[in-house]
Amino acid sequence: MNLWTSARLRLFAAVWIVFNGVFPVLWILFTSLKPEAELVQKPITWWPHSPTLVHYQHAFTEQPLLHYLGNSLIVASLSTVLSLIVATGAAYAIARLNLRYRQWILTAIVASSMFPLIALLVPIFEIMRSLGLLNTYTALILPYTVLNLPVCTLVLVSFFQSIPRDLENAAMIDGCSRIGALWHVVIPLAAPGVFTAGILAFVNAWDEFLLALSLNASAAMRTAPVGIAMYQGEYTFPWPLISAALIVTIIPVALMIALFQERVIGGLTQGGLKG
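Please read these numbers as outputs of a predicted model, since none were measured by experiment.

Turning our eyes to something else, we now look at the overall build of the protein chain. Within the protein chain one finds 14 helices and zero strands. Taken from N to C terminus, the helices and strands of the protein chain fall in the order α-α-α-α-α-α-α-α-α-α-α-α-α-α. The C-alpha extent of the protein chain, read off along each of the three principal axes, is 75 × 65 × 35 Å. Here the protein chain holds 275 residues, and the buried ones make up 38% of them.

Taken over all residues, the pLDDT of the protein chain has a mean of 84, while the share at 70 or more is 91%. Per-residue pLDDT, averaged within each element of the protein chain, yields its smallest value for helix α14 (residues 261-274) (54) and its largest for helix α11 (residues 210-215) (94). Predicted confidence is poor over residues 271-275, with pLDDT under 50, and the contacts of this stretch with residues over four places away or in other chains come to seven contacts.

Between its terminal C-alpha atoms helix α9 (residues 178-189) stretches 15 Å, which fits the 16 Å expected from twelve residues at 1.5 Å a residue. Listing the buried residues of α9 in full gives G180, A181, L182, V185, V186 and I187. Contacts made by the buried residues of α9 are with α4 (65-96), α7 (138-162), α8 (165-173) and α10 (191-207).

Attention now goes to the side chain of N216. Relative to the helices and strands, N216 is located in the loop between α11 and α12 (224-229). A residue is classified by how much of its surface remains accessible, and N216, at 2% relative accessible area, is buried. Side-chain polar atoms of N216 contact the backbone nitrogen of N135, separated by 3.1 Å. Among all residues touching N216, those that are not within four sequence positions of it are L134, N135, T136, A139, L140, L211 and M221.

For the pair α8 and α9, the least separation of the axes is 9 Å and the interaxial angle reads 140°. Between α8 and α9, the angle is such that the two are oblique. By crossing handedness, the relation of α8 to α9 is classed as right-handed. Facing L167, E168, A171 and M172 of α8, the residues of α9 in contact are R178, A181, V185, V186 and L189. In terms of residue class, the contact of α8 with α9 is built from seven nonpolar, no polar and two charged.

Across all of its chains, the model carries two salt bridges by this definition. R96 serves as the salt-bridge partner of E168, at 2.3 Å between the closest nitrogen and oxygen. In this pair, E168 sits in helix α8 while R96 sits in helix α4, placing the two residues 72 residues apart along the sequence.

Moving on, we come to helix α13 (residues 239-259). For α13, spanning 21 residues, the distance from its first C-alpha to its last is 30 Å, which sits close to the expected 30 Å at 1.5 Å a residue. When the local axis directions of α13 are compared, the greatest deviation, roughly 30°, occurs at I251, which is followed within four positions by the proline P252. By the burial criterion, the buried members of α13 are P240, L241, I242, S243, A244, A245, I247, V248, T249, V253 and M256.

Let's shift gears to the nonpolar core. One finds L65, L140, Y144, L211, L215 and Y231 to be the most contacted residues of the largest nonpolar core, which totals 36 residues. Contributing elements (two or more residues each) for this core: α3 (54-61), α4, α6 (117-130), α7, α10, α11, α12 and α13. Once residues lying within four places of it in the same chain are set aside, the contact partners of L140 are V75, L211, A212, L215, N216 and T223. If you look at the next biggest cluster of nonpolar residues, it comprises 21 residues, including A91, I94, F160 and A197.

Throughout the structure, instances matching the rule amount to four aromatic pairs. With a centroid separation of 6.3 Å and 25° between ring planes, the pair formed by F23 and W27 is classed as stacked. Taken together, the residues span about one helical turn, with F23 and W27 both in helix α1 (residues 3-33) at a distance of four residues. Taking relative accessible area as the criterion, F23 reaches 34% and is therefore assigned partly exposed. The interplanar angle of 65° and the centroid separation of 4.8 Å between the aromatic rings of F30 and W47 together place this pair among those described as edge-to-face. Of this pair, F30 sits in helix α1 while W47 is found in the loop between α2 (36-40) and α3, placing the two residues 17 residues apart along the sequence. Under the relative-accessibility criterion, F30 is labelled buried at 17%. W47 gets classed as exposed once you look at its relative accessible area, which sits at 55%.

Bringing the environment of T138 into the picture now. Within the fold, T138 resides in helix α7. For T138, a relative accessible area of 33% corresponds to the partly exposed category. If near-sequence neighbours (up to four positions away) are discounted, T138 is found in contact with L133 and P143.

Reading the values: the criteria
- Residues numbered from 1 in each chain as written.
- Predicted model: local features only at pLDDT ≥ 70, side-chain atom pairs only at ≥ 80, totals over all residues.
- Heavy atoms only, no water.
- Helix = DSSP H or I, 4+ residues; strand = E, 2+ residues; numbered from the N terminus.
- Buried < 20%, exposed > 50% of the residue type's maximum accessible area, 1.4 Å probe, protein only.
- pLDDT = per-residue confidence, 0-100.
- Contact = heavy atoms within 4.5 Å.
- Expected span 1.5 Å × (residues − 1).
- Polar contact = N/O pair within 3.5 Å; in protein donor to acceptor, adjacent residues only side chain to side chain.
- Axes fitted to C-alpha atoms, helices over the stretch in contact; angles between N-to-C directions.
- Parallel < 35°, antiparallel > 145°, perpendicular 65-115°, else oblique.
- Left-handed = near helix turned anticlockwise from the far one by under 90°.
- Nonpolar A, V, L, I, M, F, W, Y, C, P; charged D, E, K, R; others polar.
- Salt bridge = Lys/Arg side-chain N within 4 Å of Asp/Glu carboxyl O.
- Bend = angle between axes of the 7 residues up to and from the residue.
- Core = buried A, V, L, I, M, F, W, Y, C linked by side-chain atoms within 4.5 Å.
- Phe/Tyr/Trp six-rings, centres within 6.5 Å; stacked < 30°, edge-to-face > 60°.

Below, the structure written as structure tokens:
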């Protein structure tokens, strides 16, 4: 295979990946801007001929979308903070302490992330029911924290391993404890990894549907994915309304990734190269 053919294949793969990622979002956006009559007319229209924002207004007035977004924000934010706190301690211990079964621990962390969520649903539901936590924020925060720990820990381990031990030793010689050296030296230097792990955890919690549907049946505790799924009518699906709500739900994550994209990209590449 010559260089020209290889370059064309890479270009084709990149275009295909972008198309698969961008086209569904554009289609949802166009659907949210179409009037009801234009949505069902034939032949199908790709671009809205008479764009309207009425569906976005209805998404907030006819449905409690703002309340759903608030629930998602609370659950995703708190679970992300807890995931980072626990994962930071675990990753630091794996990266710095001379653990006897370190490789087995890493293998167990990777293996734990491979269990399908549907297999864990019944045990999680029974635990939350026995603790009386169903239909509460805690019912989602605790499982999300546990489910995000493997990826957060693995990302942070690779970054902590890349930081020279001499920096921590110097800090401890100057009077810092090991925890102080972790907080004042290691974490600032591993900031790209912390941002990467945090955003991955937040997005996973923000988008999760199965646990949110099963553990919080109360309408007041629904997160955005579950709330939007309940928009369907008795005989029809209000696709423009659903599309408008989906676009609103995508915006916070898109803005967060846009603001921190350099840190995220740097975190993913540096973690992969140094891990």
